[in-house]
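# Reading the structure
This is what each chain is made of:
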Amino acid sequence: MINSGEKISRNAPGALRLGAIELPGRAFLAPMSGITDIGMRRVASRCGAGLVISEMVAANFYIAADEETRLRAEGEGLPVHVVQIAGREPLALAEAARLAEAAGAHAIDINMGCPAKRVVGGYAGSALMREPDLALSLVRAVVAAVTAPVSVKMRLGWDADSLNAPVLARAMEAEGVALITVHGRTRNQFYKGRADWAAIRAVREAISIPLVANGDCASLADARAMLAASGADAAMIGRAAMGRPWLVGEIAAGLDGRPWRAPSPRERANAALEHYRTLLDLFGERQGVRHARKHLAAYADHAMDEGMGLSPAMRTKLVTTTDAQEAADLLEQAFQSAQELAA
Ligand SMILES: Cc1cc2nc3c(=O)[nH]c(=O)nc-3n(C[C@H](O)[C@H](O)[C@H](O)COP(=O)(O)O)c2cc1C
C-alpha cells in the first residue's frame, strides 16, 4: 500500500517510468489487433503519445517466424517500442519475448485482457485471469527471459463474481512486472456497458508500480475523470484514437498542463497519408489498400465531423477503390474544406 503523498509525487510531470524508461506523457495508445499497425503507432508517437503498444502477437506464430505476425511486431522508427505477446505456455512466451527483444523491442507487454473467443478458447488473453498460478508462471518466465521491462494488460476479472485484478496485479508486481494496465470491464462484459473507472482503484491500492487505466476514454475531460476515479498514473486510449492518432498526444499534453497546438488540416492530411503509405510499403499495394480501409474510413469520418471532408459518394469511393493512388488523392481531399474542394 502506498500513501497519498507518494501517489502525488509519482504523478508529477515527466516522472512516469516503464522500468528504467522515462515516458514523455501519461496518455498511451492501446494495443488493438488489426488497428495499431506500425503506421498508426508512428504517427501517434510523433504526435506526443506517452507510449504506443503493438497489436497482440501470438507467441507461437512469432516463434514460427510467421510473416504477418512479424509485421504486427514491427517497431522501426519508434522511440519506445513495446511488443504485446499472447499465449499460455511459459516457454513459448519467454522465447517470443526473447526474440522480440533481440529484434529491437524496448519492453514486452503480456496480454491478459483479450476477451475474443478464439483467444480465450485457446485459454490465453483474459482466460488467464481464471488461472492465476499459470498467469504468474507466464509472467515469471517472461521477466526471467528478457532484460527489458515487462508490463501486463488485464481486465477487472473474468466476471462480476471474480474481480481478482488487485490480487493478481500485486502478485505480478512481486514477480518483477514494471507496469500494469487495467481495462475497467470484466471479460464477460466484452465491450458492453461503460468501463468502471472507480473499480480500477482497488488495483491502485494493491500495487506501487505505475498503473494505467483504460476503457471509454475519448477526451481530455474523460482522461482527467478516469485518472481521478481510478488513481491511475496514465490513461490508455483505444477506439477513440482511430482516424485521429494525434488525440493521444493532445490528452497527454493536457494531463501534464503542457501547451497543445492542434495539427492543422494540412498536418493531419500529411499524418494520414504517411500512415497510409506505411501500410502500402508494409503489405504491398494490393493488400495495403484493403488493410488501410478501416483507417481511411475513420480519417474521413473525423474530418467530416470537423467540418471538412468528402461527399458521401467520394467517401464510398475512398473505402472501396483498389487503386492506391486514387485512395491517396481522396484521403488528401478529406482534409480540405468544401470551399477548397470547390475551388
Ligand atoms: C479492434 C480491437 C482490437 C483489440 N486488440 C487488442 C489487442 O491486441 N491487445 C489488447 O490487449 N487489447 C486489445 N483490444 C482492447 C483495447 O486495447 C482496449 O482495452 C479496449 O478497446 C478498451 O479501450 P477503449 O474504450 O479506449 O477502446 C482491442 C480492442 C479493439 C476494439
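Every chain begins its residue count from 1, and numbering advances along the sequence as written. Whole-chain, interface and lining totals are the exception, using all residues; otherwise, since this is a predicted model, local features are given only for residues with pLDDT of at least 70 and side-chain atom pairs are given and counted only at 80 or more.

Another point: the pairing of strand β4 (residues 51–58). Exposure is read from a count of other C-beta atoms within 10 Å of each residue's own; the residue is exposed at 12 or fewer, buried at 20 or more and partly exposed in between. C-beta atoms are placed from the backbone. Secondary structure is summarised from DSSP: a helix means a run of H or I of at least four residues, a strand means a run of E of at least two, and numbering begins at the N terminus for each. Most of β4 sits out of view: eight of its eight residues are buried. Two strands qualify as a pair provided DSSP detects at least 2 bridges between them. Taken together, the four bridges between β4 and strand β5 (residues 82–86) define a ladder with parallel strand orientation. In the strand pairing of β5, Met-56 is matched with Gln-84.

Our focus in this paragraph is the domain arrangement of the protein. All domain edges in this entry derive from an automatic or database-based domain assignment. On domain assignment, one finds that the protein holds domain 1 (4–256) and domain 2 (265–337). Centre-to-centre separation of domain 1 and domain 2, based on C-alpha positions: 28 Å. For every residue pair, C-beta atoms are placed from the backbone, and the pair is scored as a contact if these atoms sit within 7 Å. Residue-level contacts link eleven residues of domain 1 with eleven residues of domain 2. If one sorts the elements of the side of domain 1 that touches domain 2 by residue count, helix α2 (residues 38–46) sits on top with five residues. Basically, the charged four are Asp, Glu, Lys and Arg, the nonpolar ten are Ala, Val, Leu, Ile, Met, Phe, Trp, Tyr, Cys and Pro, and anything else, Gly included, counts as polar. Residue composition of the side of domain 1 that touches domain 2, grouped by class: six nonpolar, two polar and three charged.

Here is the check we use: build the C-beta atom from the backbone, and if it is within 6 Å of the molecule or strand, call the residue near. Looking at the ligand, there are 22 residues lining it, with Ala-30, Met-32, Met-56, Gly-238 and Arg-239 nearest. For the shell around the ligand, the residue count by class is nine nonpolar, nine polar and four charged.

Let's shift gears to the sheet that holds β5. The strand order around the closed barrel built from eight strands is β3-β4-β5-β6-β7-β8-β9-β10, with neighbouring strands paired in parallel fashion. Across this sheet, the average inter-strand angle for adjacent strands is 30 degrees, counted without regard to direction. Bridging between β5 and strand β6 (residues 107–112) involves four bridges; their strand directions are parallel. Along β6, the bridge assignment pairs Gln-84 with Asp-109. Together, β4, β5 and β6 form the strand contacts of helix α5 (residues 90–102), whose direction differs from that of β5 by roughly 160 degrees. Think of each axis as a best-fit line through the C-alpha atoms, taken over the contacting stretch in the case of a helix, with angles from 0 to 180 degrees between the N-to-C directions. On the sheet, helix α8 (residues 165–174) packs against β7 (150–155) and β8 (179–183) and is oriented at approximately 170 degrees with respect to β7.

Let us now look at α8. Looking at α8, one finds that the buried residues are Ala-165, Pro-166, Leu-168, Ala-169 and Met-172. Along the axis of α8, the buried positions cluster into a sector of 165 degrees, meaning they face one direction only. Positive phi shows up at Gly-176, right after α8, with a value of about 105 degrees. Note: the arc covers the axis-to-C-beta directions of the helix.

For Glu-340, the position within the fold is in helix α16 (residues 338–342). A count of 11 C-beta atoms within 10 Å places Glu-340 in the exposed class.

Moving on, we get to the packing of α2 against helix α12 (residues 265–283). Contact geometry of α2 with α12 gives a least axis separation of 8 Å together with a crossing angle of 150 degrees. The orientation of α2 relative to α12 falls into the category roughly antiparallel. Remark: the crossing between α2 and α12 carries right-handed chirality. Along its contact with α2, which presents Ile-38, Gly-39, Met-40, Arg-42 and Val-43, the element α12 presents Ala-271, Glu-274, His-275, Thr-278, Leu-279 and Leu-282. Looking at the contact of α2 with α12 residue by residue, the classes come out as six nonpolar, three polar and two charged. In these notes the angle categories are as follows: under 35 degrees is roughly parallel, over 145 is roughly antiparallel, 65 to 115 is roughly perpendicular, and the rest is oblique. Crossing chirality is assigned from the near helix's rotation relative to the far helix, an anticlockwise turn below a right angle marking it left-handed and a clockwise turn marking it right-handed.

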